[in-house]
Amino acid sequence: MAAAMVAAPPPPTTSAGHVLALLDEDDDALKLHALQLLDASVQDFWFQIASSIGAIEALFEDEEFGHRQLAALVASKVFYHLGDLDDALSYALGAGPLFDVAGTSEYVQTILARCIDTYVEQRVAEAEGHGDAAAPDARLVAIVERLFARCFSDGQYEQAVGVALESRRLDQLEAAITRSADPVKTLKYALDVSQRLVVSRDFRNQVLRLVVNQYEKVAQPDFGAICQCMMVLDDADEVANILFRLLGGSEDEALLAYQIAFDLVDAELQAFMAKVNSRLDTLAPAPAAPAAAEGAAPAEGEQHMETDQPAEAAPAEEEASPFAKRLAVFKTVISGDVPTELERQFLARHNHADLQILKNIRASVEPRNSVCHSATVFANSVMHCGTTVDAFLRENLDWLKKATNWAKFGATAGLGVIHRGNVGKSRAIMAPYLPSAPGGSTPSPYSEGGALYALGLIHTSHGQGVRQFLLDSLRTTQHEVIQHGACLGLGVAALGTGDEEAFEDIKNVLYMDNAVAGEAAGLSLGLLCAGSGTEKAAELLAYAHETQHEKIIRGVAVSLALIQYGREEEAEGMIEQMTSELDPILRYGGMFVIGLAYCGTSNNAAIQKLLHFAVSDVSNDVRRAAVMNLGYVLASTPEQCPKIVSLLAESYNPHVRYGAAMAVGIACAGTGLREAVALLEPLIKDSVDFVQQGALIAMALVLVEQPEARVKPLRAHIDRLYGNKGAEVMTRMGAVMAAGILDCGGRNATIGLRSRSGHFRRTAVLGLTLFSQYWYWYPLSYCIALAVQPSALIGVDASLRAPKAFQVVSNCRASQFAYAAPVKVDDKKDKAKLPTAVLSTTARAKARAAKKSKDAAKDAGAGGEAAKEAGGAEAMETDKPAAAKVAEGEKKEGEEAAVEKKEPEPTSFTADNPARVAPAQRRFISFPEGQRYAPIRAAPSGFVVLRDTQPDAGEAEYLFEEEKPAAAPAAPSTDEAAPAAAPPAAGAGSGDEPPPPEPFEQPGSSLQAERTMSGTEWWRGVTDKGKTEIPGAEATELRSAQWQIERDAPEGVQQQLEQGDKEAEQVEAYRDKQDPDYHPSKEKEG
């Protein structure tokens, strides 16, 4: 009878009390029956069963009871409903095979997640060698193995890959890849997940090795992905071997080798590229070695490879083998010559920077405000980064000459930002500011130091050409300012190369214990050894304890962070040492060590450390740096950064709020995330000036290259701030800098921390780190140029030239990512006086004409009424001529607009090569079929190598081969400046650039003699000149001299000067009317 009850247990419907009573019976069959009923109804009556959980646990612990696993399963479900997941998992493990991993209930999914988490924790602890770590429970391993088997049987290979990576099971990862129906797809997923989610650097490298091995086993290996993995593993020899085989293969394989070279150069790992180049020289046959050597980057002073004829740059004779020709062309890519030149051509020819914005900023900045003056120069430099367009500097030389000392240093360095990438002509561009020979002298050491710094910025990641010149300049000078510029320039140009000779020379400057030169030397040493984790870091830290100069300590502290970039757990020793220092400056550097060492890893331990210091450290500088570096750690998951720092953005401490703003700006740079914008909007109206400054800069970093509809409110707010003399200077400075960042690269570039292949660009991350140090040392702000990334899609064929016949389709409206409209010139003076001028002339003339026509009609004896009507009509026209015309014009415009609105905007458009592709636009890019050129590997941005599908279609036409434009005039007057909507100045293209602006020195002209006169005599001479004609440059010079004598002028003279200033403005406003008889007194009469 008991057996019959076991076979068909009826489920309880109202209560489980009677079933629980069966647990106290002696008959095991009754207990089994009770457990089966409870298992079926536990979801409905778990609260009743919980009162008898002790009896169920006793059945599980009774070794003589034959159904212990069923008792464990019921107990597990009860504890699950009680919320005790640990006990629920423990009893689920005791249930053995009764726990069905294939179940879809919420209980099963929750216990499986808990099981995986516990297993992962135990596996990680075992792998990291924790002393108290025990081997995972065998029952836990059995459930995980069953879970893997279920994934394989259900075809859920990506889920298996995720579990295998988290639990560090390389054997299961390999099984998931090999069993997959599409191994290539699974490999790509594994590669992507390993880069984003694997925390341990050592295990990530093991995964990459496994992925490479599996890639080599597939039918068609993805050599691009393999080379990217090898680049992360720093295996230059294997990369060179793969490229060597591709160059010796078919035409398509050679094109793939060129594409891989472009991708590797995009990562900007100068030392790695040098290793690949050296290995290729070893593998190449003997006849090809000289050609390959000459195909490398030429020395500074020689003409670099022209993009017009890259294939001819290598001297390949007629009898040279095809492999030698290919290798010579390949070397021009791997050396960086071709990519740099093509990007420079793109930025120069597509420049849409609005000079009117800079003119408005210059007009609103007071002459004595050196902070905003320097910020304006910075804005111009970043706005024209890489475009080689320095028209604003040429048109405002007199205004620029007001820069003195370190402001002059920064202004000269700004030229390096403008001409970034123009490596072939860098020395010629900076020649007016450099000594004629090493050891020579210039009128200003600040100009020379800034020029050396500028050379480094021009040669970012391509510094072989200027390395020796910078070293000679450093060795032959004892001036601290020149040493400062040479150290910074050398560090930027040789970033990450680990140059031993340069390291020793810069270290000697550091040990001179000069505050100015020592700070730059410390930073330069970090740039040279960036990401190496060298043991020399301990020597630098020891020197930081010895010196008494805070500038040197700060330079060394940031330098140590640069050295530990990307080292992750290998940097833990340095982190512990620096974060426990008593000196707050060293703890400040420790925050940057954490941020850069774990950059883009989203490491929980690093985030916890930074949050701890952000709320507990006694130094505001340390707290600010701790919050700021959260941006670097979370750079791979930018959507998480605003959530984590949201509470910190509301802190009572303004330094913490500033750090929160900059963290969001760094992590979300170029993304346009709405959460980031929402967090920054309250901060740009903060009550503290430097918080507003940081929020404005961060907002510009987030919204750069975003659709204008989203950027327009920020532009309007910036326009209100920099012209508001009531705003704080720091706020206005942030507004001016933000204006430059928004339009960086002529509105054709973004702030990109990642390469187009997904890896973090070391140069960009370190450049943004140095930019953030503008808080202490303003010239470092120009290092933001290292993070500027052109938003271009450039197609090149086998000759590495850009064909005109290549196009791409953007499947979105053209207006969505169009350039911002140029700023309109608003001349309020002319608008105010125009009605007066019209009424004083036109009205009287028309009245006289009406009177004459009326008298003529009377004399004729006819048409009196007609004359009266005509006169009335003319009088009406005279009364309201402007209003009638405006109304008529608005009506016509409205009708035309209505007609235009009827035609909807196309939902896609075609862009010619090279195409501007904003980051948010990349998902809309496609390649139309039927073109002559097809991409060897499609990519929505960057360099795309093209295959000629119609080689018999005739000779192709290429871009950048037209005649080079003539040079622009040296210094046009301010009044003759080009309008905002005009095209870039001549010389902006690939041709001969105009000569650089004159050195920023105050001239000792005849104006100096005029300043010795009395105030009234001096101003009388100015007004006499104003009555006739004042050239733009001379007028600017005279006005700049006026304020210099106002300080010593008596009160009466000052009043005369003010009155004369008003008259001079009126003279200048009406000078375009060419009225030689005009004088302000006539205006009063009118």
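Anything mentioned here points back to the structure above.
Residues numbered from 1 in each chain as written. Predicted model: local features only at pLDDT ≥ 70, side-chain atom pairs only at ≥ 80, totals over all residues. Heavy atoms only, no water.

**Q** I'm lost on helix α35 (residues 584-597) in this one. Help?
**A** Helical geometry: 3.6 residues make up each α-helical turn, so side chains three or four residues apart lie on a common side. In this model, α35 (14 residues) spans 20 Å end to end at C-alpha, consistent with the 20 Å of a helix rising 1.5 Å per residue. Among the 14 residues that make up α35, 13 are buried, leaving the element largely enclosed by the rest of the structure. For α35, the capping residue at the N-terminal end is Asp 583, with a side-chain oxygen 3.0 Å from the backbone nitrogen of Ile 585. (Helix = DSSP H or I, 4+ residues; strand = E, 2+ residues; numbered from the N terminus. Expected span 1.5 Å × (residues − 1). Buried < 20%, exposed > 50% of the residue type's maximum accessible area, 1.4 Å probe, protein only. Polar contact = N/O pair within 3.5 Å; in protein donor to acceptor, adjacent residues only side chain to side chain.)

**Q** It is not clear to me how the packing of helix α14 (residues 236-247) against helix α15 (residues 251-266) should be interpreted in this structure. Could you clarify?
**A** In a pair of packed helices, the angle between the axes and the distance between the axes together describe the arrangement. Remark: α14 packs on α15, axes separated minimally by 7 Å, with the N-to-C direction vectors making an angle of 145°. Residues Val 239, Leu 243, Leu 246 and Leu 247 of α14 lie in contact with α15, whose contacting residues are Glu 253, Ala 254, Leu 256, Ala 257, Tyr 258, Ile 260 and Leu 264. Class assignment for the residues of the contact of α14 with α15 results in 10 nonpolar, no polar and one charged. (Axes fitted to C-alpha atoms, helices over the stretch in contact; angles between N-to-C directions. Contact = heavy atoms within 4.5 Å. Nonpolar A, V, L, I, M, F, W, Y, C, P; charged D, E, K, R; others polar.)

**Q** Just to check I follow, could you spell out the pairing of strand β4 (residues 807-810) for this structure?
**A** Examined bridge by bridge, β4 and strand β5 (residues 909-912) share four bridges and lie antiparallel to one another. Counted as the bridge partner of Ser 810 is Phe 909 from β5. One ladder, built from two bridges, connects β4 with strand β7 (residues 925-926); its direction is antiparallel. Bridging across to β7, Val 809 finds its partner in Ser 926. (Pairing = 2+ DSSP bridges.)

**Q** I keep staring at the pairing of strand β3 (residues 792-796) and nothing clicks. Help me out?
**A** The side chains of a regular strand alternate between both faces of the sheet. Burial analysis of β3 places five of its five residues in the buried class, which makes it a mostly covered element. Burial along β3 is two-sided: Ala 792, Ile 794 and Val 796 and Leu 793 and Gly 795, pointing in opposite directions, are all buried. Sheet analysis places β3 next to strand β6 (residues 915-916), joined by two bridges and oriented antiparallel. Its bridge partner lying in β6, Leu 793 is registered against Ala 915. Taken together, the four bridges between β3 and strand β9 (residues 942-948) define a ladder with parallel strand orientation. Paired with Val 796 across the bridge in β9 is Val 945.

**Q** Explain the sheet that holds strand β8 (residues 933-935) here, please?
**A** Strand pairing in a sheet relies on backbone hydrogen bonds. The paired strands run either parallel or antiparallel. The four strands lie next to each other as β6-β3-β9-β8, forming an open sheet whose pairing is mixed. Of all strands in the sheet, those bounded by a partner on one side alone are β6 and β8. Strands in contact with α15 are β3 and β9; relative to β9, the strand with the most contacts, it is inclined by about 170°. Here helix α20 (residues 337-349) sits on the sheet in contact with β3, β6 and β9, set at roughly 125° to β3.

**Q** Even after reading the chapter, I still don't get the pattern of salt bridges, so can you show me in this structure?
**A** Side chains that carry opposite charge are capable of pairing whenever their charged atoms lie near each other. Following the criterion strictly, the structure yields 39 salt bridges and no others. One salt bridge connects Lys 609 with Glu 572, and the closest N-O pair in it is separated by 2.7 Å. Pair noted here: Lys 609 is in helix α36 (residues 604-616) and Glu 572 is in helix α34 (residues 572-579), with a separation of 37 residues, a long-range link. The salt bridge involving Asp 948 is made with Arg 932; its shortest N-O contact spans 3.0 Å. (Salt bridge = Lys/Arg side-chain N within 4 Å of Asp/Glu carboxyl O.)

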